[in-house]
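# Structure assessment
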Amino acid sequence: MKNPLLETEGLPAFNFIRPEHVEAAVQQTLDQQRAKLRQTEKIAAVTFESAEELERIQDVIHRVWSPIAHLNAVLSTPELRDAYNNCLPMIAEFSTEMAQNGTLYALYSQLEQDIDPAEKIKLRLLSHTLRDFRLSGVSLPEEERVRFKHLVMELSQRQAAFEQNLMDATDAFKHHEVNEEALVGIPDMVLRRAKELAKAQGHSGWLLTLDPPTYLAVITHAKNEDLRAHYYEAWVTRASDQGPQAGRWDNRPLIEKIASLRHESALLLGFNNYAEFSLATKMAGTPEEVFEFLQNLAEKSKPVARAELEDLSEFAGRAVEPWNVAYYSEQLKQTRFGLADDELRPYFPLPRVLQGLFKVVEKLFGLKIRANYGIDAWHPDVTYYEVCAEDKSPIGGVFTDFFARPNKRGGAWMDECLVRCKLEGLNQQPVAYLVCNFNPPVDSDPSLLTHDDVVTLFHEFGHTLHHLLTEVDYPSLSGINGVPWDAVELPSQFLENYAWLPEVLPWISGHYQTGQPLPAETLATLNATRTFQAGLSMVRQIEFALFDFRLHAEYVPDQGSRAEEILARTRQEVAVMEVPSFNRFPNTFSHVFGGSYAAGYYSYKWAEVLAADVFSAFEEKGSFDPETAKHFRNCILATGGSRDAMDVFKEFRGRAPSLDPLLRQTGIQLEG
Ligand SMILES: [Zn+2]
C-alpha cells in the first residue's frame, strides 16, 4: 500500500498513518526536496520563480511533517514517539542547510535588487528571508561564521542544561506528611495522588511533590502556614545555592554562560547587545521603546497593586508575606464573590458554547461554519468543520479535538495542518488543528466547561481565524507565519473579549438540563472577577519582563550578567512586596534561560495592549459593527506576515497603540 503521508493533495489520511510510515516518508520527502533545492541553486537566470520554488519546497515538507508532529502530540504511542524523534535530526539538518546556504543568500540578494518596488508582497518575502539568513550568520566571513555556529550550538546545550537542572531539582523535592491535620484545605485530587505516591514508595501518609499543580494547590489552599512557607522556600530556591537542596543543580553558572554566549553572538551579527538581536524580528523597534512601554505600564499599575495589597492585608488582618499571598487572595475572592469556577460548569455545555462562538464569528465576519462528518480523523472525538465565506465559497477548515485523554499533550493550542499556498498549479486552502483538554462528556451528559475554559476556546479560535482568513498566497507569510512574536497573540486575545460580553453570554450559556441562561447576578459577579487583583498580576509580569530585557540589554562582558543586581533594581522600581533574601527567582526563569523568550518576555504584555486597543475600536463603534470588523479583517487577519505589524495596526486604529484600553479593561485605570 502507498504511504499515506506522501499524498500530495487533500487532507491528511490520519486514520491510515502508521508509525512505520513516518521515517520512510520524511526521508523520501527530504531527499526529493533536497534535489529540487540543488536544481534551484543551479539556475543561472535569477527570477522570482526561484523564490516561489523555495516556498513550494518548504510547503511540501510541512505537508508531510505537520500530521506527524500533530499525531505525536495528540495520540502518542512509544512507536510513534520513536519514529518522530528519529526524524528530528533530519528535519533540523535540512533547516540548517537552508538557513546557512550561501548560494541561496546570494540568489535572494540579487532578487531583492531586481524586484519592482511596487511588488510589495514579493519584496516583503525577499527581505524577510534575507533577514533570517543574516540572523543565522550566513553573510559572515568564514571564521566568524564558524564561531557563530559554535555559539548557537553551545547556547542550545547550555539552555537545555538549565532546563534539566530545574526539572531535576523540582522532581527531587518531596514532602512527607503523616498528620492529616497538617494538610487541611488542599484539594482532594492532589491528596489522593500524594497518598498513592506514598503507598507506592512504602510509606504511610502522604508524599507531596513540587510539580506546578501541587505547588499551586498547596500555596493557594493549604491552611497550614508552615507548610505554605516550606513550599514557597522550596519553589523559589530550586536549582540554586539556597533552600532545602542548596548547591545541587545550581543554575547560577549557567546563567552567566548563557548571557555571555548570547551577547557574543549578537555582537558577531553587528548588534550592540542581545536585546537588539531579539527585536530584529519583533514589532517593537528599539530597546528604548520596550523600556518606555514597560515603565509606563508599571507607573500606572503600581499604585493599584499597592492598594490591592493593602486591601489584602486588611482582609487577612496582618502583613501578608509572599507565601501567604495566594492563600489570602483565594479566601478574599471566595468571600467577596462567592463564585467557584466549578459552579458555572452546568451553564456552559460545550455544544452550546461552540454554537455561540460560531454565531459570534458569523456575525463579525459573515463566516459559515458547519461540521463535515465524512472526513477522516485520528480519533472519534475529532470533528472537521468547513469554513465558508458569506457567499458560501470555501475558505478552509478546522479539525477540533476537545477532550483530555491519555497520551495527549496537556494545554490548548492551534496549529497549522495545511497553510494557504497559491502558486502556479497549486491552490491549497488553510486548515487548522484546534486542540483543547476539556473534561470529556460523561454518559449522556455533554462536556461541561468552566468560564476559563470558554475563554481558552475563544482564544484558540482567534488564532484559528488568523490562520484561516489570510489572503496571502506565500506560505512563509500567510496566516501566523512571519508575524512577529509580540504581535501574534493579538487576534487570540482580541477574541477572548467576546467570551465576556453580556450580549454574547446568552448565546454561549444555557443550563445543560434546563436550558436556563446564566442568571443576571451571576453574570455580573463573573465580570467583576475579571479585574480581581489585576494590578498585582500586572506588576509581577512587568517585573519579569523588565528584568529579562535589562539583563540582555545591559550586558557588559567584564562585569558578567549582574543578574541579582539587575533584579534588585527592577524590583525596587516595580514590585510592591519584599521577597526574602533566599529568593533565587532567576535560577528558575526557564522561559528566558531555558527557552526562547530571551529579551522577549515583554511580548505577553505588548500583545495584550494591542488586543485591548483593537477591541476598544469595537467598544466605540459597537461590538459587532460590520465596518469595524471588515476593517480589522482586512488590516490584520488577512495580511499575516506580509506587512509590517506596526503599519497595519496604525492603519486599523488610525494611530499608534495606546496603553489606556488595557488599563481600563483590567480596571487599573478608570473610565474617562
Ligand atoms: Zn495564544
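Residues numbered from 1 in each chain as written. Predicted model: local features only at pLDDT ≥ 70, side-chain atom pairs only at ≥ 80, totals over all residues. Heavy atoms only, no water.

Let's shift gears to the pattern of salt bridges. Within this structure, the stated rule accounts for 33 salt bridges. With a closest N to O distance of 3.3 Å, Arg38 and Glu41 form a salt bridge. Of the two residues, Arg38 and Glu41 both sit in helix H1 (residues 19-42), three residues apart, roughly one turn of that helix. Relative accessible area serves as the criterion here: at 21%, Glu41 is assigned to the partly exposed category. Asp613 is paired through a salt bridge with Arg655; the nearest N and O atoms lie 2.8 Å apart. Note that Asp613 is positioned in helix H22 (residues 603-621) and Arg655 in the loop between helix H24 (645-653) and helix H25 (660-665), a separation of 42 residues in sequence. (Salt bridge = Lys/Arg side-chain N within 4 Å of Asp/Glu carboxyl O. Helix = DSSP H or I, 4+ residues; strand = E, 2+ residues; numbered from the N terminus. Buried < 20%, exposed > 50% of the residue type's maximum accessible area, 1.4 Å probe, protein only.)

If you check the domain split of the protein chain, you get domain 1 (4-139), domain 2 (173-236) and domain 3 (254-338 + 533-597). In this structure, domain 1 and domain 2 have C-alpha centres spaced 48 Å apart. (Domains from an automatic or database assignment.)

Where H22 contacts H24, the two axes come as close as 11 Å, and the packing angle between them is 20 degrees. With respect to each other, H22 and H24 are oriented roughly parallel. Every pair of crossing elements has a handedness; the one defined by H22 and H24 is left-handed. Packed against H22, whose contacting residues are Trp606, Leu610, Asp613, Val614, Ser616, Ala617, Phe618 and Glu620, the element H24 presents Met646, Phe649, Phe652 and Arg653 at the interface. Here the contact of H22 with H24 is built from residues that sort into eight nonpolar, one polar and three charged. (Axes fitted to C-alpha atoms, helices over the stretch in contact; angles between N-to-C directions. Parallel < 35°, antiparallel > 145°, perpendicular 65-115°, else oblique. Left-handed = near helix turned anticlockwise from the far one by under 90°. Contact = heavy atoms within 4.5 Å. Nonpolar A, V, L, I, M, F, W, Y, C, P; charged D, E, K, R; others polar.)

The subject of this paragraph is the coordination of the zinc ion. Donor atoms from the polypeptide that coordinate the zinc ion comprise His459 (NE2), His463 (NE2), Glu489 (OE) and Glu489 (OE), at 2.1 to 2.8 Å from the metal. Considering all four donor atoms around the zinc ion, the spread of angles at the metal, 50 to 140 degrees, places the coordination shape in the irregular class. Considered as a linear motif, the donors of the zinc ion on their single chain read H-x3-H-x25-E. Of this pair, His459 sits in helix H15 (residues 451-468) while Glu489 sits in the loop between H15 and helix H16 (490-496), placing them 30 residues apart in sequence. On the basis of relative accessibility, which here comes to 25%, the residue Glu489 falls in the partly exposed class. (Donors = N, O, S within 2.8 Å, 3.2 Å for Na, K, Ca; no water. Tetrahedral: all angles 85-135°; square planar, octahedral: opposite > 155°, others 65-115°.)

All right, on to the environment of Leu227 then. As for its position among the elements, Leu227 is in helix H9 (residues 225-236). Separated by 44 residues in the primary sequence, Leu227 and Leu183 place their C-alpha atoms 8.3 Å from one another. Leaving out residues up to four positions away in the same chain, Leu227 has contacts with His175, Ala182, Leu183, Ile186, Val218 and Ala222.

Before going further, it helps to spend a moment on the nonpolar core. If you look at the biggest cluster of nonpolar residues, it comprises 138 residues, and the most contacted ones within it are Phe365, Leu457, Phe458, Leu495, Tyr498, Phe618 and Phe632. The contact partners of Tyr498, leaving out residues within four places of it in the chain, are Val360, Leu364, Phe458, Val504, Phe615, Phe618, Ser623 and Phe624. Ranked by size, the runner-up nonpolar core spans 55 residues in total, among them Leu6, Leu111, Leu126 and Phe133. (Core = buried A, V, L, I, M, F, W, Y, C linked by side-chain atoms within 4.5 Å.)

This brings us to the packing of aromatic side chains. A complete count under the given rule lists 49 aromatic pairs for this structure. Consider the rings of Phe358 and Phe461, whose centres lie 5.9 Å apart with planes at 50 degrees: the pair is tilted. On the criterion of sequence distance, the pair formed by Phe358 in helix H14 (residues 350-365) and Phe461 in helix H15 is long-range, its members being 103 residues apart. Judged by relative accessible area, Phe358 falls into the buried class, the value being 13%. Relative accessible area serves as the criterion here: at 2%, Phe461 is assigned to the buried category. An aromatic cluster of at least three residues, connected via ring pairs, comprises Phe365, Phe494, Tyr498, Trp507, Phe615, Phe618, Phe624, Phe632 and Phe652. (Phe/Tyr/Trp six-rings, centres within 6.5 Å; stacked < 30°, edge-to-face > 60°.)

On to helix H8 (residues 212-221). Within H8, the full set of buried residues consists of Thr214, Tyr215, Ala217, Val218, Ile219 and Thr220. Looking at the buried positions of H8, the neighbouring elements they touch are helix H7 (188-200), strand E2 (206-208), H9 and helix H13 (322-337).

Turning our eyes to something else, we now look at unusual backbone geometry. Only a minority of non-glycine residues have a phi that is not negative, and only a minority of peptide bonds are not trans. Positive phi outside glycine occurs at Trp249, with the angle close to 55 degrees. Relative to the helices and strands, Trp249 is located in the loop between H9 and helix H10 (252-268). What makes Trp249 partly exposed here is its relative accessible area of 21%. A positive phi is found at Gln533, a non-glycine position, where the angle reads about 55 degrees. Turning to its location among the elements, Gln533 is positioned in the loop between helix H18 (520-529) and helix H19 (534-553).

Okay, the sheet that holds strand E5 (residues 394-403) next. The sheet built from five strands is open, its strands ordered E3-E4-E5-E9-E6 with mixed pairing. What marks the edges here is a single partner per strand, and that holds for strand E3 (368-371) and strand E6 (413-418). Within the sheet, the average angular offset between the axes of one strand and its neighbour, ignoring direction, is 25 degrees. As judged from the four bridges shared by E3 and strand E4 (residues 383-388), these two strands associate in the antiparallel manner. (Pairing = 2+ DSSP bridges.)

To continue, consider the state of the cysteines. The final tally for this structure, using the stated rule, is zero disulfides. Lacking any disulfide linkage, Cys87 is separated from the closest cysteine sulfur, that of Cys417, by 18 Å. The class for Cys87 is buried, based on a relative accessible area of 0%. Considering cysteine sulfurs only, Cys421 is the nearest to Cys417, which forms no disulfide, with 14 Å between them. (Disulfide = S-S within 2.5 Å.)

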